[in-house]
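A closer look at the structure
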Amino acid sequence: MRDLRFPSPPPSAITPPRLWLSRRALMATGAVAGLAGGILPPRAAGAAALAARPGPLSGTGLRPTPLRDVTHYNNFYEFGLEKTDPAERSGDFHPRPWTVRIEGMVARPRTYDIDALLARPLEERIYRMRCVEAWSMVIPWIGFPLRDLLAEAEPLGSAKYVAFESVLRPSEMPGQGGVLPVLDWPYVEGLRLDEATHPLTILAVGLYGQTLPNQNGAPIRLVVPWKYGFKGIKSITRIRLTDRMPRTSWNVRAPDEYGFYANVNPAVDHPRWSQATERPIGAGGFFGAGRQPTLPFNGYGEQVAGLYAGMDLRRDF
Ligand code: MTE
């Protein structure tokens, strides 16, 4: 059987894809520097303009990855295995109408309509994103802290973890209906409650000044910037508070390769490749940026290392 686990970093990880630095990508890079000034990059298909105020870490000087790369180099296995599949095959996915249910160990279970969530005060958060496949991006997300939503549901004292579930919709997601057993569907993920309520953890409803394109997890997805990208579950429909460590899709698929914690850690290699360095997507060739060292907790150690005090992060990888 074909190996359907995350592939080893592809040949493009060794030869930077200069072609990606198209004129459009350059325009997007230039435009994002002017986001606050109201100059927006070209819109992704189906996306609508979305206003947000700058949130913490938005002025840290990180240079966002061009919009073209953010929306055309994706992992979203519901639409296929190739990086280009999500952009090419998510056109028939309908992220509206949509609801997100919060339930389990909470005093006030509730169901939110996506339009009510979009009407909340939104922030732009420019975060590094480090994929377990040893590439990275910088993405100007738009969203709100997950902890605000959790607080409204009033978690019970017994709740220790938060479990997330993606939509199950094989009629619109060709990867779910396929014959290849990539992952068990729906995609599921989880966080410890203190990770979920950390102020850096957001639910994103947009990027680059617009609503989330389908391929990036429309209409709502998780972003936990100090963890490998696979923790950022897309197209969420259900959030459940629980006292048990939740199952997570990649951990079920290959427990020796993908841990529950999945904190970005250059000192703990993936069994099949190193995590010491990463390839910034969209920064090859022209700007002269090659591989760069990976930072512990993806550079957010100052804010989050305390969550793991006393833990052996080689065992709890
Ligand atoms: N969520 C779902 N539902 N299905 C997926 O296949 N892939 C994950 C994560 N969330 C995935 C998912 C992985 S492996 C990564 S690296 C990020 O989404 C990629 O997010 P991006 O495409 O917006 O950069």
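Residues numbered from 1 in each chain as written. Predicted model: local features only at pLDDT ≥ 70, side-chain atom pairs only at ≥ 80, totals over all residues. Heavy atoms only, no water.

1. Quick look at the site of the ligand
Close to the ligand lie 17 residues; Asn74, Tyr77, Glu78, Gly232 and Lys234 are nearest. Contacts to the ligand include Asn75, whose backbone N or O atom sits 3.3 Å from a nitrogen atom. Asn216 is positioned such that a nitrogen or oxygen atom in its side chain is 3.0 Å from an oxygen atom of the ligand. Considering the ligand on its own, with 530 Å² of exposed area, one finds that the protein chains cover 100% of that surface. Tallied by class, the residues present in the shell around the ligand amount to eight nonpolar, six polar and three charged. (Near = heavy atom within 4 Å. Polar contact = N/O pair within 3.5 Å; in protein donor to acceptor, adjacent residues only side chain to side chain. Areas by Shrake-Rupley, 256 points an atom, 1.4 Å probe, with all protein chains shown as cover. Nonpolar A, V, L, I, M, F, W, Y, C, P; charged D, E, K, R; others polar.)

2. What to know about the UniProt feature "binding site: Mo-molybdopterin" (unreviewed entry) in the protein chain
Mapped onto this numbering, the UniProt entry gives "binding site: Mo-molybdopterin" (unreviewed entry) at Asn74, Tyr77, Glu78, Cys131, Ser166, Asn216, Arg221, Gly232, Ile233 and Lys234. Given a relative accessible area of 2%, Glu78 falls into the buried group. Mapped onto the elements of the fold, Ile233 is located in the loop between strand S10 (221–223) and strand S11 (236–242). Looking at Ile233, the relative accessible area reads 0%, which means it is buried. Not counting residues within four places of it along the chain, the set of residues in contact with Ile233 comprises Phe164, Glu165, Ser166, Tyr187, Val188, Glu189, Arg221 and Leu222. (UniProt positions renumbered as here; feature names shortened; annotations may be inferred. Buried < 20%, exposed > 50% of the residue type's maximum accessible area, 1.4 Å probe, protein only. Helix = DSSP H or I, 4+ residues; strand = E, 2+ residues; numbered from the N terminus. Contact = heavy atoms within 4.5 Å.)

3. Side note on unusual backbone geometry
A cis amide bond, omega -5°, links Arg96 with the succeeding residue Pro97. In this structure, Pro97 sits in the loop between helix H3 (85–89) and strand S2 (99–104). Following Ala218, the chain continues to Pro219 via a peptide bond in cis, the omega torsion being -5°. Here Pro219 lies in the loop between strand S9 (210–211) and S10. Even without being a glycine, Ala262 presents a positive backbone phi close to 55°. When you line up the elements, Ala262 lands in the loop between helix H8 (249–253) and strand S12 (277–280). Relative accessible area serves as the criterion here: at 3%, Ala262 is assigned to the buried category.

4. Points about the packing of aromatic side chains
In this structure the tally under the stated criterion is twelve aromatic pairs. Arranged with centres 5.3 Å apart and planes meeting at 80°, the rings of Tyr77 and Trp250 form a pair that is edge-to-face. Here the residue Tyr77 occupies a position in the loop between helix H2 (67–72) and H3, and Trp250 occupies one in helix H8, the gap between them amounting to 173 residues. Between Tyr261 and Tyr308, the ring centres sit 6.1 Å apart and the planes meet at 90°, which makes this aromatic pair edge-to-face. Of the two residues, Tyr261 is situated in the loop between H8 and S12 and Tyr308 in the segment after helix H9 (301–304); the sequence distance between them amounts to 47 residues. Each member of the pair, Tyr261 as well as Tyr308, carries the same accessibility label: buried. Joined through ring pairs, the aromatic side chains of Tyr161, Phe260, Tyr261, Phe297 and Tyr308 make up one cluster. Above the plane of the ring of Tyr73 lies Lys83, whose end atom (NZ or CZ) is 5.9 Å from the centre. Positioned over the ring face of Phe260 is Lys231, at 4.3 Å from the centre of the ring. (Phe/Tyr/Trp six-rings, centres within 6.5 Å; stacked < 30°, edge-to-face > 60°. Lys NZ or Arg CZ within 6 Å of the ring centre and 35° of its normal.)

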